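# Results of the structural survey
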Amino acid sequence: MMPPGVFQKVQLQKPKSLLERQESGEERSSNALSTGHSGTSVLDQAQSTLDDTGLSSMSTICPAPLCRQFWKSGSYDNGHSAKISIQNGRNYLHVHPMFLHSNATSHKWAFGAIAELLDNAVDEIQNGATFVIVDKTLNPRDGSPALLIQDDGGGMDPEALRQCMSFGFSDKKEKSAIGQYGNGFKTSTMRLGADVIVFSRHMEDRVLTQSIGLLSYTFLMQAGHDRIVVPMVDYEFNASTGTLEMSRRNDREHFMANLSLLLQWSPYSNEADLVQQFDDIGSHGTKIIIYNLWFNDDGEMELDFDADPQDIHISGDIKKVETCHNWKSVNEQHIANRLHYSLRVYLSILYLQIPESFKIVLRGQNVEHHNIADDLKCIEYILYRPQTAGSVEGEVVTTVGFLKEAPHVNIHGFNVYYKNRLILPFWRVVNYTTHVRGRGVVGVLEANFIEPTHNKQDFERTSLFQKLEVRLKEMAWEYWDCHCGLIGYQVNKKVRASVYAENSSHFVHHGGLEMPVQLEQSLPLTTSEAFAQDSMNTGSGRKRKAVGLTETERANMKTTGEGGINNNWEIEEIQPINIPDDQLKDEEAARIVQEHKKLLAKCVEYEKSEKELSDKLARLTSELGEAQLEYSQLLAEALSLGPIKKENNVNMSSQ
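For every chain, the first residue of its written sequence is number 1, and the numbers climb from 1 along that sequence. This being a predicted model, a pLDDT of at least 70 is required before a residue's local features are given, and a value of 80 or more before pairs of side-chain atoms are given or counted; all residues contribute to the totals for chains, interfaces and linings. With hydrogens and water set aside, each side-chain value is computed from the structure's full complement of heavy atoms.

### Thoughts on the overall build of the protein chain
The helix count covers DSSP runs of H or I at least four residues long, the strand count covers runs of E at least two residues long, and both are numbered beginning at the N terminus. Scanning the protein chain for helices and strands turns up 14 helices and 24 strands. The cut-offs for exposure are 20% and 50% of the maximum accessible area for each residue type, with area from a 1.4 Å probe on protein chains only; residues under the lower value are buried, those over the upper are exposed, and the others partly exposed. In the protein chain, which comprises 655 residues, the share counted as buried stands at 50%. In these tables, accessible area is a Shrake-Rupley quantity obtained with a 1.4 Å probe, and a residue counts as shielded only by the protein chains included in the view. Per element, the accessible surface of the protein chain, about 31,700 Å² overall, is 51% carbon and sulfur.

So this is what it looks like as structure tokens:
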């Protein structure tokens, strides 16, 4: 709790009359967006409600009741067409509140919107973030559920918060950053609820700032605004007095007008409750509260907080799986189906890798990271180099295998990540409607050479994406044709190679290492999960050879496979081999083998460096935590001394 006296510097005043606001508006309108309230910005701050000197409409919108169903809430009649005025001979672009809704429709799926907000927290790992919290909270005005998302990243200073609330501003210049368009906060929050309030604390150059911003669709609609108005207030901690004061970047009138709107339309009806939201943020971080959450078409709240106290579900989105009765449970409980309605499951696979020092905390419990590749058996690694006009555009290694539950699951597809973030989960590049070719085949890859769409739930349909889709389809069929016998299906005796798109190579397990295998070359393997590649020449094919198998596996291969399907396999004893490079007919294969040897040597070096860096990170994280704790203690001590110092000054004055 902040000590008494912190809020004495800021007290609400009765707003000026409309006439007085019009007279003083021209002087205030000279403040640009760089100071937080520009008449030329896409998003106008609350100052815009206090004067008519900026771009404005000559007509108003009649307030309409806000529909609580998202897909219907954008349908309303403004009654009149807006007439744009000109200020000082210049035209200004402004954005109608309806755009908040239409912009949010890019998110068809509520979990995709939540993931967008988590991306911002993950991007803050470079600034020291160690956690992001996703939880249910309550709106104190009416007790309705609200969604809380909070991290301990660097926080936002007043300027950064204004850019966050505006469209198209993004300061994420790092190549590893997930966000890049400067639009994710608006689309995601407005997709989840009608209103959002943001609290952010930032420390820079020993100056502590606290900023609050409100993006409220309810306020804009019910107040009849024809442009987007965003109330914001900023505080600065005065170390000499030990109090929070109105930021010097704002004039008092502007601050009071914004604060008045915040107290009217936010969940907090007084300034003390409003500022109290910073108490659990720490020395830096951001808290987002989305309230007036949307309902689905059945009139139920879209986010279900009651089905599981440790999870958040999407109401009514559990789909039944059509399969035989014995396999029904394993299919319905598989991660590929549960991710569509369970936020905990979706978040567990949302990132390909996550630092051990960073935790995603959902409703008080850590989300356990899950690597989809760990769910596979009979794994192969396939290298793909897409080309455009003879130039290599990228390089990606795809992990392909059967799900461990195969053939009892009718699940298949590729999980495509972009910059560590899952974009397409279990993307079905192959549809088996009349046959089972491809059933149970799953892949994982990180494709950074293609661009995701704005909602990060799909990729832009570029030529590179289309090439990748074709190659993944070939990959699934080739893998199935070669290895379906291992899960009980009949192997095609004449397995022929399709034309590999661009440059593509196979890597399979070989003695604990990953050895490259070119399409026209076969290489015996020594693990029980791997199997021989066919010796493939143009227009010819051979039986698959089961190598590196135990006696039990050999006996099973000779008998009828699971499900009564005969496995036509030829058993061959393993002979140790060494293939000199000069005997490889394919020059490209020889080059890849040499390159792979070099990469293996580099991997050893990188693993050693990674261990050293990991130890260093753990040490620095520990030191940072100790410094933050010390700072928080000193800050609390400084705040507690404020009233004492003031009382001493009063006593000295009285003497």
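Alright, that's what it looks like, and here's the rest.
### Let's talk about helix H5 (residues 184–192)
Here H5 lies mainly inside the structure; nine of its nine residues are buried. Turning to H5, its buried residues are Gly184, Phe185, Lys186, Thr187, Ser188, Thr189, Met190, Arg191 and Leu192.

### Let's talk about the pairing of strand S8 (residues 243–246)
Two strands are said to pair when DSSP picks up at least two bridges between them. The pairing of strand S7 (residues 232–238) with S8 spans four bridges and is classified as antiparallel. What sits directly across from Asn238, in S8, is Thr243. The antiparallel hairpin formed by S7 and S8 contains four residues in its connecting segment, where Gly242 sits at a positive phi of about 70°.

### Focus on the side chain of Arg421
Within the secondary structure, Arg421 sits in strand S19 (residues 421–427). Polar contacts, as used here, are pairs of N or O atoms within 3.5 Å; protein pairs need one atom able to donate a hydrogen and one able to accept it. Residues neighboring in sequence count only if both atoms are side-chain atoms. For Arg421, the side chain forms a polar contact with the side chain of Asp119, separated by 2.9 Å.

### Let's talk about the packing of helix H3 (residues 110–123) against H5
The geometry of H3 relative to H5 is characterised by a closest axis approach of 8 Å and an angle of 140° between their N-to-C directions. If you check the angle between H3 and H5, you find them oblique. The way H3 lies across H5 gives a crossing that is left-handed. When H3 is examined against H5, the residues Ala110, Ala113, Ile114, Glu116 and Leu117 are found in contact with a partner set consisting of Gly184, Phe185, Thr187, Ser188, Thr189, Arg191 and Leu192. Looking at side-chain class alone, the contact of H3 with H5 contains six nonpolar, four polar and two charged residues. Each axis is a line fitted through C-alpha atoms, and for a helix only the stretch in contact is used; angles between axes span 0 to 180 degrees, taken between their N-to-C directions. Roughly parallel means an angle under 35 degrees; roughly antiparallel means over 145; roughly perpendicular covers 65 to 115; every other angle is labelled oblique. Should the near helix be turned anticlockwise from the far one by less than a right angle, the crossing is left-handed, and should it be turned clockwise, the crossing is right-handed. By definition, residues are in contact when any of their heavy atoms lie within 4.5 Å. Gly is placed with the polar residues, together with every amino acid not listed as nonpolar (Ala, Val, Leu, Ile, Met, Phe, Trp, Tyr, Cys and Pro) or charged (Asp, Glu, Lys and Arg).

### Re the confidence of the model for the protein chain
Every residue is assigned a pLDDT by the predictor, reflecting its confidence on a scale from 0 to 100. In this model, the protein chain carries a mean pLDDT of 75, and residues with pLDDT of at least 70 account for 65%. Predicted confidence for residues 1–43 stays below pLDDT 50, and this span has 95 contacts to residues more than four positions away or in other chains. Note on residues 509–585: pLDDT under 50 across the span, and 156 contacts to partners over four residues away in sequence or across chains.

### Observations concerning the pairing of S19
Of all seven residues that make up S19, six are buried, and the element is covered over most of its length. Direction of pairing for strand S18 (residues 413–418) relative to S19: antiparallel, over a ladder of four bridges. Along S19, the bridge assignment pairs Tyr418 with Arg421.

### Brief notes about the sheet that holds strand S13 (residues 365–366)
Taken together, the nine strands give an open sheet; going across it, the order is S8-S7-S5-S4-S9-S3-S2-S12-S13, and neighbouring strands pair in mixed fashion. Sheet topology places S8 and S13 at the edges, where each strand pairs with a single neighbour. This element, H5, spans strand S3 (145–151), strand S4 (193–204), strand S5 (207–216) and strand S9 (285–293) of the sheet and lies at about 135° to S4. The strands that helix H7 (residues 252–265) touches are S4, S5, S7, S8 and S9; relative to S7, the one it contacts most, it runs at about 115°.

### What to know about the packing of aromatic side chains
Ring geometry is summarised as follows: Phe, Tyr and Trp rings, the Trp one being its six-membered ring, pair when their centres sit within 6.5 Å, and such pairs are stacked at plane angles under 30 degrees, edge-to-face over 60 and tilted between the two. Going through the model one piece at a time under the given rule, you end up with 13 aromatic pairs. Taking the centre distance of 5.0 Å and the plane angle of 65° together, the rings of Phe402 and Tyr479 count as edge-to-face. Taken together, the positions of Phe402 in strand S17 (residues 396–403) and Tyr479 in helix H12 (residues 463–483) put the pair 77 residues apart, joining distant regions of the chain. The pair formed by Phe402 and Tyr479 is uniform in burial state, with each residue classed as buried.

### Remarks on the pattern of salt bridges
Any two side chains of opposite charge can pair, given that their charged atoms come close. The salt bridge criterion pairs a side-chain nitrogen of Lys or Arg with a carboxyl oxygen of Asp or Glu, the two atoms within 4 Å. With the rule as written, the count across this model stands at 13 salt bridges. Lys456 is paired through a salt bridge with Glu116; the nearest N and O atoms lie 2.5 Å apart. With Lys456 in the loop between strand S20 (441–446) and H12 and Glu116 in helix H3, the pair connects residues that are 340 residues apart, well separated along the chain. As far as the burial class goes, Lys456 and Glu116 line up, both buried. Residues Asp135 and Arg363 are paired through a salt bridge, measuring 3.8 Å at the closest nitrogen-oxygen approach. With Asp135 in strand S2 (residues 131–138) and Arg363 in the loop between strand S12 (359–362) and S13, the pair connects residues that are 228 residues apart, well separated along the chain. Look at the salt bridges and you will find they share partners, linking Arg471, Glu474 and Glu478 into a network.

### Brief notes about the environment of Leu486
Take Leu486: it is sitting in the loop between H12 and strand S21 (503–510). Measuring from C-alpha to C-alpha, the distance between Leu486 and Phe402 comes to 9.5 Å, with 84 residues separating the pair along the chain.

### Describing the side chain of Ser211
Tracing the sequence through the fold places Ser211 in strand S5. Classification of Ser211 as buried rests on a relative accessible area of 0%. A polar side-chain atom of Ser211 sits 2.8 Å from a polar atom in the side chain of Asp234. If we ignore the near neighbours within four places in the chain, the residues touching Ser211 are Met156, Asp157, Pro158, Leu161, Val198, Phe199, Ser200, Val233, Asp234 and Phe278.

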